[in-house]
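# A closer look at the structure
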Amino acid sequence: IAQSGEVCNLVRRSGAVEKSVAAVAGRGLSLLDGQPAVVVDYSTTARPPVSWLRGELRWLKPGREILGLLIFPLGKHRIGPFPFLMTKSGAADEM
């Protein structure tokens, strides 16, 4: 990611792709291991409970696979991470 800015999640419902929850994304450090990650912050763009989430993204296979983690940071404690995988496919190229 070249710079910070507002982003929007996309979801597929009944075959159609729709905008979902907005967030602010930028470079940052992972809460888990301190390594560089794209941090996705929902605190200023969404209502609870989504506003409590923090997303972290890293390339597993550059250009093809991204590892995502959702974390609920709660002061000194946190719930998660909840991992997910995003992969590029022919359908994603059409979006």
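So, here's what we can say about the structure. Keep in mind that what you see is a predicted model, and the values were worked out from it rather than measured. (Residues numbered from 1 in each chain as written. Predicted model: local features only at pLDDT ≥ 70, side-chain atom pairs only at ≥ 80, totals over all residues. Heavy atoms only, no water.)

### Let's talk about the overall build of the chain
Applied cut-off: A run of H or I in DSSP counts as a helix once it spans at least four residues, and a run of E counts as a strand once it spans at least two, with each numbered from the N terminus. For this measure, only C-alpha atoms enter the radius of gyration; the expected value for a globule follows 2.2 Å times N^0.38, where N is the number of residues. Here's how the labels work: a residue is buried when its accessible area is under 20% of the maximum for its type, exposed when over 50%, partly exposed in between, all with a 1.4 Å probe on protein chains only. Contacts are residue-level and defined by heavy atoms, with any inter-residue pair within 4.5 Å sufficient. Residue-level accessible areas treat just the shown protein chains as cover; the underlying method is Shrake-Rupley with a 1.4 Å probe. The positive count covers Lys and Arg only, the negative count covers Asp and Glu only, and His and the chain ends enter neither. Charge coordinates come from a single atom per side chain, which is NZ of Lys, CZ of Arg, CG of Asp or CD of Glu.
Counting its secondary structure elements, the chain contains 1 helix and 6 strands. Against the compact-globule benchmark of 12 Å for 95 residues, the chain has a radius of gyration of 14 Å, which places it among compact chains. With respect to the three principal axes, the spread of C-alpha positions in the chain is 40 × 30 × 25 Å. Buried positions account for 20% of the 95 residues belonging to the chain. Pairs at least 24 residues apart make up 20% of the contacts formed inside the chain by residues separated by at least 6 positions. On the chain, roughly 6,800 Å² of surface is accessible, and the fraction owed to carbon and sulfur atoms is 57%. Distance between charge centres in the chain, computed from 12 positive and 8 negative side chains, equals 4 Å.

### Things to note about the pattern of salt bridges
Stated formally: In the sections that follow, a salt bridge refers to a side-chain nitrogen of Lys or Arg positioned within 4 Å of a carboxyl oxygen of Asp or Glu.
Overall, the coordinates contain 3 salt bridges when judged by the stated rule. The closest approach of N and O atoms between Arg 13 and Glu 18, which form a salt bridge, is 2.9 Å. Arg 13 sits in the partly exposed class, given a relative accessible area of 45%. Here Arg 54 makes a salt bridge to Glu 56, at a shortest N to O gap of 2.9 Å. With respect to class, Arg 54 is no different from Glu 56; both count as buried.

### Observations regarding the side chain of Arg 54
Heads up, the condition is: Pairing of N or O atoms within 3.5 Å defines a polar contact, subject to two protein rules: one partner must be a possible hydrogen donor and the other a possible acceptor, and residues neighboring in sequence count only if both atoms are side-chain atoms.
Assignment of secondary structure puts Arg 54 in strand S4 (residues 54–61). Reaching out from Arg 54, the side chain makes a polar contact with the backbone oxygen of Leu 29 at a distance of 2.7 Å. Once you skip the residues sitting within four places of it in the chain, Arg 54 turns out to touch Leu 29, Ser 30, Leu 31, Val 39, Val 40, Leu 69, Leu 70, Ile 71 and Pro 73.

### Things to note about the sheet that holds strand S5 (residues 65–74)
The following threshold applies: For two strands to count as paired, DSSP must find a minimum of two bridges between them. Note on geometry: axes are lines fitted to C-alpha atoms, helical ones only across the stretch in contact, with angles between N-to-C directions running from 0 to 180 degrees.
With antiparallel pairing, 6 strands are arranged side by side in an open sheet as S1-S2-S3-S4-S5-S6. Two strands lie at the open edges of the sheet, namely strand S1 (5–13) and strand S6 (77–87), each paired on one side alone. Taken over all neighbouring pairs, the strand axes of this sheet differ in orientation by 35° on average, direction set aside.

### A look at the pairing of S6
Looking at chain direction, S5 and S6 are connected through 9 bridges and run antiparallel. Within the sheet, the bridge partner assigned to Pro 73 lies in S6 and is Arg 78. Turn length for the S5-S6 hairpin, with the two strands adjacent in sequence and antiparallel, is 2 residues, and the turn residue Gly 75 shows positive phi of about 65°.

The values are spatial; any link to function lies outside them.
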